[in-house]
Amino acid sequence: SMMYSGAWVMQMATFSDASLPPPGTLSGVSCTSASFTGAGSDACTVSLSGAAGSGGLAVSLSSSDSAVTVPGSVTVPAGASSVGFTAAVSAVTTAQSATLTASAGGTSKTYSIALNAYVPGLKLSTTSLSFGSVTVNTTSSPQSVTLTSSGTAPLTINSATLTGTGFNLSGTSFPVTLNPGQTATLTVTFAPTATGTASGSITVSDNASPSTATISLSGTGQATAGVLSGVSCTTASFTGAGSDACT
């Protein structure tokens, strides 16, 4: 009777173990964001095909790009089918791709994150201003140049330096930092003090590449138009007929 009872217990245990589902195996790795511009962090998840066994499942992690760092490993707890981790992303100046790899039990899964170039850029609305002919000792109508932050990172404009006689610069004060899409405006006038052609330039210094941009300036000083100032003659008094030279 005792031997029968023991055999029965062993048979029941065997049936009980056979009814348990097999422990989950690695089925995937994914992150919230598949594309990054600039620095940040990405919430990622390791997934299993089912619940982890009683001891949990250790999963090793790696990144193909030093701009994206991940923990060396994570453990899916017993009874759980996933676990989260954080990928830390650094800004890059050239576009590239990072591949995250999760490995466990001879199985590996990958996930790619696109890293977009994070660089400042400067766009000028024009690279030259021409004022034409302007009468000496008068001031032209103002002309403007718009500076646009055209990159993916903030643009810092350090200075705008003016050269050239008769030209005047006003507008934005520097230094100034513009987020992508923001603008600043320079206003230029021409007030010649002498006749003849004049040329100048504005050199913009910034943190983009190249680090300087130039706007050329040109104009012509024109003499004041003559106006009637008087009339006179050689002789102011006559006795008898004659002629007088007048001006």
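Here is what the cut-offs are and how they apply
- Residues numbered from 1 in each chain as written.
- Predicted model: local features only at pLDDT ≥ 70, side-chain atom pairs only at ≥ 80, totals over all residues.
- Heavy atoms only, no water.
- pLDDT = per-residue confidence, 0-100.
- Contact = heavy atoms within 4.5 Å.
- Phe/Tyr/Trp six-rings, centres within 6.5 Å; stacked < 30°, edge-to-face > 60°.
- Helix = DSSP H or I, 4+ residues; strand = E, 2+ residues; numbered from the N terminus.
- Buried < 20%, exposed > 50% of the residue type's maximum accessible area, 1.4 Å probe, protein only.
- Pairing = 2+ DSSP bridges.
- Axes fitted to C-alpha atoms, helices over the stretch in contact; angles between N-to-C directions.
- Polar contact = N/O pair within 3.5 Å; in protein donor to acceptor, adjacent residues only side chain to side chain.
- Core = buried A, V, L, I, M, F, W, Y, C linked by side-chain atoms within 4.5 Å.

**Student:** What's the story with the confidence of the model for the chain in this structure? I'm lost.
**Tutor:** In regions of low pLDDT, the predicted coordinates are not meant to be interpreted in detail. Considering every residue of the chain, the mean pLDDT works out to 91; 90% of them sit at 70 or more. Note on residues 1-16: pLDDT is under 50 here. Beyond four places in sequence and across chains, it has zero contacts.

**Student:** Is there a simple way to think about the packing of aromatic side chains in this case?
**Tutor:** Counted according to the given criterion, the structure contains three aromatic pairs. Judged by centre distance (6.1 Å) and plane angle (40°), the rings of Phe131 and Phe190 are tilted. Here Phe131 is found in strand β11 (residues 128-135), whereas its partner Phe190 is found in strand β16 (residues 183-190), with 59 residues between them in sequence. For the pair Phe131 and Phe190, a shared accessibility class is recorded, and that class is buried. Here the aromatic cluster, defined as three or more aromatic residues joined through ring pairs, consists of Phe131, Phe167 and Phe190.

**Student:** Honestly, the sheet that holds strand β10 (residues 122-124) in this entry has me stumped. Any pointers?
**Tutor:** Backbone hydrogen bonds are what pair the strands of a sheet, in a parallel or an antiparallel way. The four strands lie next to each other as β10-β12-β16-β14, forming an open sheet whose pairing is antiparallel. Each of the sheet's edge strands pairs with one partner strand only, and the pair in question is β10 and β14 (167-171). If you compare each strand with its neighbour and ignore which way they point, the axes differ by 25° on average. The sheet contact formed by β10 and strand β12 (residues 143-149) spans three bridges and is antiparallel. Within β12, the residue paired with Leu124 across the bridge is Leu147.

**Student:** Sorry, what's going on with the environment of Ile157 here?
**Tutor:** Among the secondary structure elements, Ile157 is positioned in strand β13 (residues 155-163). Here the alpha-carbon distance between Ile157 and Leu178, two residues 21 residues apart in the chain, equals 8.0 Å. With residues near it in sequence (within four places) discarded, Ile157 still touches Leu147, Phe174, Pro175, Val176, Leu178, Val204, Ser205 and Asp206.

**Student:** How should I be thinking about the sheet that holds strand β15 (residues 176-178) in this particular structure?
**Tutor:** Ordered in space as β11-β18-β17-β13-β15, the five strands form an open sheet in which the pairing is mixed. Unpaired on one side and paired on the other, β11 and β15 mark the two borders of the sheet. Strand after strand, the sheet turns through a mean of 25° between neighbouring axes, direction not considered. Strand direction decides the pairing type here: β13 and strand β17 (residues 196-206), joined by six bridges, are antiparallel. Considered in β17, the bridge of Thr161 is made with Thr203.

**Student:** Can you walk me through the side chain of Ser149 in this structure?
**Tutor:** Mapped onto the elements, Ser149 comes out in strand β12. A distance of 3.3 Å separates a polar atom in the side chain of Ser149 from the backbone oxygen of Asn179. The contact partners of Ser149, leaving out residues within four places of it in the chain, are Gly121, Leu155, Leu178, Asn179, Pro180, Gly181 and Gln182.

**Student:** Sorry, what's going on with the pairing of strand β6 (residues 73-76) here?
**Tutor:** One face of the sheet, then the other: side chains in a regular strand alternate in exactly this way. Burial along β6 is one-sided: the residues Val74 and Val76 are buried and none of Ser73 and Thr75 is. Direction of pairing for strand β4 (residues 57-63) relative to β6: antiparallel, over a ladder of four bridges. Pairing of Val59 across the sheet is with Val74, part of β6.

**Student:** Where do I start with the nonpolar core in this structure?
**Tutor:** Nonpolar side chains in soluble globular proteins generally cluster together in the buried interior. Core analysis: the largest hydrophobic core is formed by 26 residues, its most contacted members being Val46, Val59 and Leu115. For this core, the elements supplying multiple residues, two or more each, are β1 (26-31), β3 (40-48), β4, β6, β7 (82-89), β8 (96-104) and β9 (107-116). Discounting chain neighbours no more than four positions away, the residues touching Val46 are Leu26, Gly28, Val29, Val59, Leu61, Val74, Val76, Ser81, Ser82, Val83, Phe85 and Ala102. Core analysis: the second largest hydrophobic core is formed by 22 residues, Leu124, Leu129, Phe131 and Val204 among them.

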